[in-house]
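Coordinate inspection notes
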Amino acid sequence: MPTPPTRPPARYTVEIKPRTADADGHPDHGSTLRTAVVEATGETSVSGYPHYEGDGVAADIDPRTRAVEAITLDGGELPYGWTAEVSPPEA
């Protein structure tokens, strides 16, 4: 029997971080510069991912991998080298 599709989460906390790697090239995003709680808008992005907005952030998030697929911060792109990730779920 096929598994019924699951609904994407209603909200995520997105963390904005200053880099994708440390000086030695290791994947290290650095300390969180800003967090934003984003809520589902009910829309799907052009890429097919659910769209979320809140706290000055608009993001398309893959609910399966929790990857931030697209993001704007205060209406613009993230500064060069910055990255965004979804916070781990609260226990």
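Everything below is about the structure printed above this text.
Notes on the structure follow. Quantities reported herein were computed from a predicted structural model and do not represent experimental measurements. (Residues numbered from 1 in each chain as written. Predicted model: local features only at pLDDT ≥ 70, side-chain atom pairs only at ≥ 80, totals over all residues. Heavy atoms only, no water.)

**Quick word on the side chain of K17**
- Residue placement: K17 occurs in strand β1 (residues 11-17).
- Reaching out from K17, the side chain makes a polar contact with the side chain of E15 at a distance of 3.3 Å.
- Contacts of K17, omitting those with residues within four sequence positions, involve H29, G30, S31, T32, L33, W82, T83 and E85. (Helix = DSSP H or I, 4+ residues; strand = E, 2+ residues; numbered from the N terminus. Polar contact = N/O pair within 3.5 Å; in protein donor to acceptor, adjacent residues only side chain to side chain. Contact = heavy atoms within 4.5 Å.)

**What about the sheet that holds strand β2 (residues 34-44)?**
- Read across the open sheet, the 6 strands follow the order β5-β4-β3-β2-β1-β6; overall the sheet is antiparallel. At either margin of the open sheet sits one strand with a lone partner, and together these are β5 (68-73) and β6 (83-86). Along the sheet, successive strands turn relative to each other by an average axial angle of 30°, direction set aside.
- Here β1 pairs with β2 via 6 bridges, running antiparallel. Residue pairing for β2: R11 is matched across the bridge by E39. (Pairing = 2+ DSSP bridges. Axes fitted to C-alpha atoms, helices over the stretch in contact; angles between N-to-C directions.)

**Digging into the nonpolar core**
- V38, I61 and I71 are the most contacted members of the largest nonpolar core, which has 15 residues in total.
- Contributing elements (two or more residues each) for this core: β1, β2, β4 (57-61), β5 and β6. (Core = buried A, V, L, I, M, F, W, Y, C linked by side-chain atoms within 4.5 Å. Buried < 20%, exposed > 50% of the residue type's maximum accessible area, 1.4 Å probe, protein only.)

**Observations concerning the pattern of salt bridges**
- In the structure shown here, the tally under the stated rule is 5 salt bridges.
- Between E85 and K17 there is a salt bridge, and its shortest N-O distance comes to 2.9 Å. Pair noted here: E85 is in strand β6 and K17 is in strand β1, with a separation of 68 residues, a long-range link.
- We classify E85 as partly exposed; its relative accessible area is 25%.
- With a shortest N-O distance of 3.0 Å, R19 and D28 are connected by a salt bridge. (Salt bridge = Lys/Arg side-chain N within 4 Å of Asp/Glu carboxyl O.)

**Remarks on unusual backbone geometry**
- The phi dihedral of D55 is positive, around 50°, even though this residue is not glycine.
- Tracing the chain through its elements places D55 in the loop between β3 (50-54) and β4.
- The residue D74 is not glycine, and still its phi comes out positive at about 50°.
- Positionally, D74 belongs in the loop between β5 and β6.

**With respect to the pairing of β2**
- Strand direction decides the pairing type here: β2 and β3, joined by 3 bridges, are antiparallel. Within β3, the residue paired with E39 across the bridge is E53.

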